[in-house]
Structure formats: C-alpha cells, structure tokens
Amino acid sequence: MSGAPSPPAGGTVPATWLRPPDLATARRVQVELAARVVAEDALGPVRLLGGADTSLDRFDPEDRIFAAAVALDPGGLAPVAAGEHVARAPMPYVPGFLGFREVPLLVEAWAALPRRPDLVLVDGHGLSHPRGLGVACHLGVVLDVPTIGVAKSRLFGEEAGPLGPEPGDRTDLVWQGRVLAAVLRTRRRANPLYVSVGHRVSLDTAVEWVLRTLRGYRLPEPTRQAHLAANALRRARGMHAPAGHPADGAG
DNA sequence: GCGACAG
DNA sequence: ATCTTGTCGC
C-alpha cells in the first residue's frame, strides 16, 4: 500500500536527478538520492569490472567534457571494451556538486558499452561527501549499479590517525564519529586514495576490490584505464583546428 | 571574516 | 581537471 516511488527501472529517472535547474534544487536532490544509497553488499558475482572517469581541457572554448566507461576482465584486469561520450559541461565545477557535471555524461558512456559491468569503480568520492552523495553514489543510484568511490584527494571529513607507508595500510576518514571512507595507501611514497561506498557495496568490500585491482600504480586498474581512455578521447576529438600558418605547405 | 573546497 | 621532459630517489 505504499505510494512511495519505487526504484528507477534501469533507464528513465526524474530529470532533476541529472539536470536540476539550480543549485538549491541540486542540493535537495542530493539529500533525496543519498537516502537511496545502499551501503551494504547487494551485488552478485563480478564477471565484468567497470571503471568511469572524465577528462577536460581547461581552456576549451566549447567547455566540453570527455567521458569514458571501461569494462575489464576481473581476472587479468585487461580492458575488454569502452564506451565514450562527449558533450558540453552541464554546469560549472562546484565543489560538492561534481555529480551533476559528470554523471549525465557517464550515463551515456555507460550506455555505449556493449556489455554491462557488475561493479564500477568511479574516479571521485562516494559517501565521503558533505551530503552523502559523491559522484560515485550519484552514478550508482541513477544506474542502480554497484559502485565504489576512488578519490585522489579529500573533500570532506578528517583522517582518524597516521597512515602507514606500505600498500594496504589504511586509516579511517571520519566525521562526527562516523566512518566515511578508508584512507588507503596503494603505493609507497605516493599520496593515499580515499575509498568509499558508492552504492550496493560495503566499505570493506570496496577496499578489497581496490586492493585486488592494483597493479603497481597508485590507481586501481578500472579507474586508471578509464582515465587513460578519457584522455585519449580528449586528445582525439578535442584538439581540432591545428591553426596552421598560411605559409605552411601542409594541406 | 577566514579557511576549505572531489574533478 | 590540465599545462610538461627530464630528472632525482627508492
């Protein structure tokens, strides 16, 4: 007998979830979507891993964002497919509202994948966000897919204690007694990563997957490959008009 | 008022 | 986010 809206049926979600008219509305949407985040393991066997990231040129007159969603084999971690999407930035970058800038494009890149990953590592925070809706949670709820937030710097909260130097060493990122994320060392002498719950994954499972997909670099393969794909896309479809000089003999 | 502030 | 080759260190 519940009149409450049921979870989105994989595809059509309210327009405001992706394109709110203003920041005040965006903030309300974040609080609303944060209530839909599932911070426990609610995922099946991971037969295909996913990675998501975007790239951009600060001086692009068209203000475009280049998004990439990659699929990797969970075993060898080799990329097996990629989905891409390019479009004008939905809104300017505002700390705390990254989801409204990247998720609309990531959804398109995701749709362009020939196969759908069972778990996605997203470049950016998940629950370690002032309203509990970092880009990883945002994408996870919109797609209703298990996601993990993998950020390279802090946005919200504070380290609970010192961090060891060995890969695998970790400390908690906390806020008012609550654990928001794991500050995880993934490589010696490299700044730590902030691993958090995105959607339908527990924090422990999130950390497990990040450690399990490390290959000697600071970033886990899913996120690293997505980053490379997004950059390649930008350099291919970005840098147009070489602005050659009239005196040049090249056509 | 001041500092902080994912990508 | 991105600009950028070589270079110093583990």
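- Chain A is annotated in an unreviewed UniProt entry as Endonuclease V of Roseomonas acroporae.
- Taken directly from UniProt, the Cofactor (unreviewed entry) text for chain A runs: "Mg(2+)".

1. Considering the protein's contact with DNA strand C
Next up, step 1: Taken together, Ser 55, Leu 56, Asp 57, Arg 58, Lys 152 and Asn 231 make up all the residues around DNA strand C.
Next up, step 2: Looking at the surface near DNA strand C residue by residue, the classes come out as one nonpolar, two polar and three charged.

2. With respect to the packing of helix H3 (residues 99-111) against helix H4 (residues 135-143)
Packed helix pairs are characterised by how far apart their axes lie and by the angle those axes make with each other.
Next up, step 1: The N-to-C vectors of H3 and H4 enclose an angle of 45°; their axes lie 10 Å apart at closest approach. Considering their axes alone, H3 and H4 lie oblique with respect to each other. As H3 packs across H4, the resulting crossing turns out to be right-handed. The residues of H4 that touch H3, namely those facing Gly 99, Glu 102, Val 103, Leu 106, Val 107 and Trp 110, are Val 135, His 138, Leu 139, Val 142 and Leu 143.
Next up, step 2: Residue composition of the contact of H3 with H4, grouped by class: eight nonpolar, two polar and one charged.

3. Overview of the environment of Leu 23
Next up, step 1: Following the sequence through the fold, Leu 23 ends up in helix H2 (residues 23-34).
Next up, step 2: Taking the number of C-beta atoms within 10 Å as the measure of exposure, Leu 23 has 13 and is therefore partly exposed.
Next up, step 3: Taking the C-alpha atoms as reference points, Leu 23 and Val 94, 71 residues apart in sequence, are found 9.4 Å from one another.
Next up, step 4: Beyond its immediate chain neighbours, meaning those up to four positions away, Leu 23 contacts Val 94 and Phe 97.

4. A word on the UniProt feature "site: Interaction with target DNA" (unreviewed entry) in chain A
Next up, step 1: The sites that carry the UniProt feature "site: Interaction with target DNA" (unreviewed entry) are, in the present numbering, Tyr 93.
Next up, step 2: Within the fold, Tyr 93 resides in the loop between strand E3 (79-88) and H3.
Next up, step 3: In this structure Tyr 93 comes out as exposed when scored by C-beta crowding, with 12 C-beta atoms within 10 Å.

5. Overview of the environment of Val 145
Next up, step 1: Along the chain, Val 145 turns up in the loop between H4 and strand E5 (147-151).
Next up, step 2: Take Val 145: there are 20 C-beta atoms within 10 Å of it, and that puts it in the buried class.
Next up, step 3: Separated by 103 residues in sequence, Val 145 and Ala 42 have C-alpha atoms that sit 9.5 Å apart.
Next up, step 4: Apart from the residues lying within four places of it in its own chain, the contact partners of Val 145 are Val 120 and Gly 140.

6. Quick look at the UniProt feature "binding site: Mg(2+)" (unreviewed entry) in chain A
Next up, step 1: Sequence positions flagged by UniProt for "binding site: Mg(2+)" (unreviewed entry) are, in local numbering, Asp 53 and Asp 123. A stretch of 71 residues holds the annotated residues, and the largest C-alpha distance among them is 5.5 Å, short enough that they meet in one place.
Next up, step 2: For Asp 53, the position within the fold is in strand E1 (residues 49-55).
Next up, step 3: Once you skip the residues sitting within four places of it in the chain, Asp 53 turns out to touch Ala 68, Asp 123, Thr 223, Ala 226, His 227 and Ala 230.
Next up, step 4: According to the C-beta neighbour criterion, Asp 123 is buried, with 24 such atoms within 10 Å.
Next up, step 5: With residues near it in sequence (within four places) discarded, Asp 123 still touches Ala 52, Asp 53, Val 150, Thr 223, Ala 226 and His 227.

7. As for the nonpolar core
Next up, step 1: Membership of the largest hydrophobic core comes to 64 residues, with the highest contact counts inside it found for Ala 68, Leu 106, Ile 148 and Val 195.
Next up, step 2: Once you skip the residues sitting within four places of it in the chain, Val 195 turns out to touch Ile 148, Gly 149, Val 150, Ala 181, Ala 182, Leu 184, Ala 206, Val 207 and Val 210.

8. A few points about the confidence of the model for chain A
Next up, step 1: Summarising the model, chain A shows a mean pLDDT of 92, and 91% of its residues fall at 70 or more.
Next up, step 2: Counting contacts from residues 243-251, a segment whose pLDDT is below 50, to residues more than four positions away or on other chains yields one contact.

9. What to know about helix H6 (residues 221-237)
Next up, step 1: Counted at 1.5 Å a residue, the expected span for H6 with its 17 residues is 24 Å, and the 24 Å between its end C-alpha atoms agrees.
Next up, step 2: Along H6, the residues that are buried comprise Glu 221, Pro 222, Thr 223, Arg 224, Gln 225, Ala 226, Ala 229, Ala 230, Leu 233 and Arg 234.
Next up, step 3: Residues of H6 that are buried make contact with E1, strand E2 (64-72), E3, strand E4 (119-123) and E5.

10. Thoughts on the pairing of E1
Next up, step 1: In terms of residue burial, E1 counts as a mostly covered element, since seven of its seven residues are buried.
Next up, step 2: The alternating pattern of E1 places Leu 49, Gly 51, Asp 53 and Ser 55 on one face and Gly 50, Ala 52 and Thr 54 on the opposite face, and all of these are buried.
Next up, step 3: Of the strand pairs in this sheet, E1 and E2 are connected by seven bridges, and their pairing is antiparallel. From the neighbouring strand, Leu 49 faces E2, where its bridge partner is Leu 72.
Next up, step 4: For E1 and E4, the ladder comprises four bridges, and the chain directions are parallel. Following the sheet pairing, Ala 52 is matched in E4 by Val 122.

About the criteria used
- Residues numbered from 1 in each chain as written.
- Chains lettered and ligands numbered in written order.
- Predicted model: local features only at pLDDT ≥ 70, side-chain atom pairs only at ≥ 80, totals over all residues.
- UniProt positions renumbered as here; feature names shortened; annotations may be inferred.
- Near = placed C-beta within 6 Å.
- Nonpolar A, V, L, I, M, F, W, Y, C, P; charged D, E, K, R; others polar.
- Axes fitted to C-alpha atoms, helices over the stretch in contact; angles between N-to-C directions.
- Helix = DSSP H or I, 4+ residues; strand = E, 2+ residues; numbered from the N terminus.
- Parallel < 35°, antiparallel > 145°, perpendicular 65-115°, else oblique.
- Left-handed = near helix turned anticlockwise from the far one by under 90°.
- Contact = placed C-beta atoms within 7 Å.
- Buried ≥ 20, exposed ≤ 12 C-beta atoms within 10 Å, placed from the backbone.
- Core = buried A, V, L, I, M, F, W, Y, C linked by C-beta atoms within 7 Å.
- pLDDT = per-residue confidence, 0-100.
- Expected span 1.5 Å × (residues − 1).
- Pairing = 2+ DSSP bridges.

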